[in-house]
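Examination of the molecular architecture
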Amino acid sequence: MLNTDVTTKLKIRQPVHKVFEAIISPTEIGHYWFSDSSERWGAGKRITLRYDEYHAEGVITVLEMEANEKIMFVWGEEHGEVTMVTITLEELQGETIITVVESGFSAHDPEIMAKMMGQKEGWVYMLTCLKGYLENGISSLRASLIH
């Protein structure tokens, strides 16, 4: 059976609480990922994420959140392809190991490999932008991918 989980892992040279805050804060997220989010993330909340540059938005539902450790959400309802994203944070000597696992892709989808590669590319890019922002204050990387 084909493993359809997309896993991406990166080290960020910042304490875990700063990485966690950058993800859940509606103002911080605009420096490296989406333009903004409708509110601060929390378990049970439906959050609208906007990409002004791409004239796009999507909704996530936060299923579970443990401060400085884990964020789990689902997204893709508006496209009829719901996947679950689990972000885990581990502090190691003042730095953070962040792991993103996106699951729920259909192994029977004829486009499965292209979809998984696209998601992997997106997560590598997002984490790279997050690293650039938190380590060096760079906020000009986000929304630079050309499709």
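Now for a look at the structure at hand. (Residues numbered from 1 in each chain as written. Predicted model: local features only at pLDDT ≥ 70, side-chain atom pairs only at ≥ 80, totals over all residues. Heavy atoms only, no water.)

Quick look at the overall build of the protein chain
Heads up, the rule is: Starting at the N terminus, helices and strands are each numbered in turn, a helix being any DSSP run of H or I of at least four residues and a strand any DSSP run of E of at least two. We take the radius of gyration over the C-alpha atoms and set the globule estimate at 2.2 Å times the residue count to the 0.38 power. Burial here depends on accessible area, computed with a 1.4 Å probe over protein chains only, as a share of the maximum for the residue type. Under 20% is buried, over 50% is exposed, and the range in between is partly exposed. Contact criterion: two residues are considered in contact whenever any of their non-hydrogen atoms come within 4.5 Å of each other. Only four residue types enter the charge count: Lys and Arg as positive, Asp and Glu as negative, with His and the chain ends excluded. The atoms used to mark charge sites are NZ of Lys, CZ of Arg, CG of Asp and CD of Glu.
For the protein chain, the count of helices and strands is two helices and seven strands. In the protein chain, the order of α-helices and β-strands from amino to carboxyl end is β-α-β-β-β-β-β-β-α. Radius of gyration (C-alpha) of the protein chain: 15 Å, near the 15 Å computed for a compact globule of 147 residues. Oriented by its inertia axes, the alpha-carbon framework of the protein chain measures out at about 40 × 35 × 30 Å. Counting all 147 residues of the protein chain, 39% fall into the buried class. For the protein chain, restricting intrachain contacts to residue pairs at least 6 apart in sequence, the fraction spanning at least 24 positions comes to 44%. Of the side chains in the protein chain, 13 bear a positive and 22 a negative charge, and the two mean positions are spaced by 5 Å.

Focus: the sheet that holds strand 7 (residues 95–103)
Just so we agree on the cut-off: Strand pairing is defined by DSSP finding a minimum of two bridges between the two strands. Axis lines are fitted through C-alpha atoms, for helices just across the contact stretch, and the angle between N-to-C directions can take any value from 0 to 180 degrees.
If you trace the seven strands from one edge of the open sheet to the other, you get 1-7-6-5-4-3-2, paired in antiparallel fashion. Edge positions in the open sheet fall to strand 1 (6–12) and strand 2 (36–37), since each of these has one partner strand only. Two elements, strand 4 (residues 56–66) and strand 5 (residues 70–75), share six bridges in a ladder whose sense is antiparallel. What sits directly across from E66, in strand 5, is K70. Strands in contact with helix 1 (residues 16–24) are strand 1, strand 4, strand 5, strand 6 (83–92) and strand 7; relative to strand 6, the strand with the most contacts, it is inclined by about 155 degrees. Relative to strand 1, helix 2 (residues 112–136) is tilted by about 15 degrees, and along the sheet it contacts strand 1, strand 5, strand 6 and strand 7.

Considering the side chain of T83
So the rule is basically this: Residues adjacent in sequence count toward polar contacts only when both atoms are side-chain atoms; beyond that, a polar contact is any pair of N or O atoms within 3.5 Å, and within protein one must be able to donate a hydrogen and the other to accept it.
Summarising the element assignment, T83 is placed in strand 6. Among the polar contacts listed, one links the side chain of T83 to the side chain of E102, at a separation of 2.5 Å.

Structural notes on helix 2
What counts here: A helix is expected to reach a length of 1.5 Å times the quantity of its residues less one.
An ideal rise of 1.5 Å per residue puts 36 Å on 25 residues; helix 2 measures up with 36 Å between its terminal C-alpha atoms. Looking at the buried residues of helix 2, the elements they touch are strand 1, helix 1, strand 5, strand 6 and strand 7. G137, located one to two residues past helix 2, shows a positive phi value of around 70 degrees.

Topic: the packing of aromatic side chains
Under the convention used in this document: Centres within 6.5 Å are what make two rings of Phe, Tyr or Trp a pair, Trp counting through its six-membered ring; a difference in plane orientation under 30 degrees is then read as stacked, over 60 as edge-to-face, and the rest as tilted.
All chains considered together, the criterion is met by ten aromatic pairs. Taken together, the ring pairs in this structure connect Y32, W33, F34, W41, Y51, Y54, F73, W75, W123 and Y133 into an aromatic cluster.

Comments concerning the environment of G94
If you trace the backbone, G94 turns up in the loop between strand 6 and strand 7. Sequence spacing of G94 and Q14 is 80 residues, and the spatial spacing of their C-alpha atoms is 6.5 Å. Non-local contacts of G94, meaning those with residues more than four positions away in its chain, are made with Q14 and P15.

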